[in-house]
Amino acid sequence: MSEKFKRTHFVNDWSLQVRYIGLTFLVMALFLGVSIWIVYVTGWSHLVDKLSQIYPQGRLVEILRLIYLRLAFGFLLILPVALGLTLYLSHTVAGPLVRIKRYLRLMAKGEFDLAPIVLRRFDELKEVAGLINEITSKLGPRFQERRKLIESLQSTAQTLRNDLQRLPSAGQEIHRK
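The rules behind these values
Once a new chain begins, its residue numbering starts again from 1 and follows that chain's sequence as written. Predicted model: local features are reported for residues with pLDDT of at least 70 only, side-chain atom pairs are reported and counted for 80 or more only, and whole-chain, interface and lining totals are derived from all residues. In computing side-chain properties, one takes all heavy atoms of the structure into account and sets aside hydrogens as well as water. Within this document, salt bridges are pairs made up of a side-chain nitrogen of Lys or Arg and a carboxyl oxygen of Asp or Glu, the two lying within 4 Å of each other. Buried residues are those whose accessible area, probed at 1.4 Å on protein chains only, stays under 20% of the maximum for their type, while exposed residues exceed 50% and partly exposed ones sit between those limits. Labels follow the DSSP assignment, with helices taken as runs of H or I lasting at least four residues and strands as runs of E lasting at least two, numbered in each case from the N terminus. The predictor attaches a confidence to each residue, and that confidence, scored 0 to 100, is pLDDT. For a residue, the bend is simply the angle between two axes, fitted respectively to the seven-residue segment ending there and the seven-residue segment starting there. Note on contacts: a residue pair is in contact if any heavy atoms of the two residues lie within 4.5 Å. Note on method: axes are straight lines fitted to C-alpha atoms, helices fitted across the in-contact stretch only, with angles between N-to-C directions ranging 0 to 180 degrees. Angles below 35 degrees are treated as roughly parallel, those above 145 as roughly antiparallel, those between 65 and 115 as roughly perpendicular, and all remaining angles as oblique. Helix crossings are classified by the rotation of the near helix relative to the far one: an anticlockwise turn of less than a right angle makes the crossing left-handed, while a clockwise turn makes it right-handed. Basically, the charged four are Asp, Glu, Lys and Arg, the nonpolar ten are Ala, Val, Leu, Ile, Met, Phe, Trp, Tyr, Cys and Pro, and anything else, Gly included, counts as polar.

**A few points about the pattern of salt bridges**
Where charged atoms from two side chains of opposite charge approach closely, those side chains can pair.
Then comes step 1: Considering all chains together, one arrives at 2 salt bridges under this definition.
Then comes step 2: Ionic pairing is found between Asp 123 and Arg 120, a salt bridge with its closest N-O pair at 3.3 Å.
Then comes step 3: On the accessibility criterion, Asp 123 (5% relative accessible area) is buried.
Then comes step 4: Taking the shortest distance from any N to any O, the salt bridge between Lys 138 and Glu 134 comes out at 3.3 Å. Placement of both Lys 138 and Glu 134 in helix α3 (residues 126–166) is noted, with a separation of 4 residues, approximately one turn of the helix.
Then comes step 5: We classify Lys 138 as exposed; its relative accessible area is 53%.

Now the structure itself:
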């Protein structure tokens with residue numbers, strides 16, 4: 001099995017993770033709003049009508065405030081848990097993205113002698129990393145062959161230049177005849 005990577009930083013790509021967390025909180029707030037609206041429309045107003053016949057108006061307002069306060073407190077308790085889970089989930093995407101970007105930058109510079117990209121067990125983008133590993137394993141040897149060919153051609157060209165510089169008198173004699 002491959003070597004294990006420990007998480008040392010949970011924030012790898014600040015902008016990506018902040019956008020991801022913001023989007024998650026936006027969706028959470030939207031669901032909270034829709035849930036409150038559904039509860040109010042489907043039963044709350046009916047319940048308040050029934051309770052107003054049992055409780056005096058002041059007591060009913062006090063009960064409703066207590067319920068609203070408990071709902072808000074419950075939402076505030078869920079918020080840090082949601083933040084932690086969102087940060088963890090965004091890290092499973094951002095961590096591999098940072099590693100893949102670094103790898104692709106090296107490939108763009110022409111470096112194909114790279115160890116395969118290894119991701120953690122719960123990380124996302126394993127398929128993308130596998131495809132990149134496949135590309136480098138196929139292109140690496142081709143680029144190595146081309147580098148050797150270029151070096152060989154450069155060496156041959158340099159040898160020919162050196163040989164031509166040593167024979168200037170032979171070239172001048174040919175022009176004289």
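**Quick look at the confidence of the model for the protein chain**
Then comes step 1: Across the protein chain, the average pLDDT comes to 80, with 89% of residues at or above 70.
Then comes step 2: The secondary structure element of the protein chain with the lowest average pLDDT is helix α4 (residues 168–176), at 58, and the one with the highest is α3, at 86.

**Observations concerning helix α1 (residues 14–54)**
Then comes step 1: Bending of α1 peaks at approximately 50° at the position of Tyr 40.
Then comes step 2: Those residues of α1 not exposed but buried are Gln 17, Ile 21, Met 28, Trp 44 and Leu 51.
Then comes step 3: Residues of α1 that are buried in the fold lie against α2 (57–108).

**Description of the packing of α2 against α3**
Then comes step 1: At a minimum axis distance of 11 Å, the contact between α2 and α3 shows a crossing angle of 20°. By the angle class used here, α2 and α3 are roughly parallel. Read as a crossing pair, α2 and α3 show a hand that is left-handed. The residues of α3 that touch α2, namely those facing Ile 100, Tyr 103, Leu 104 and Met 107, are Val 128, Ala 129, Ile 132, Asn 133, Ile 135 and Thr 136.
Then comes step 2: Residue composition of the contact of α2 with α3, grouped by class: 8 nonpolar, 2 polar and no charged.

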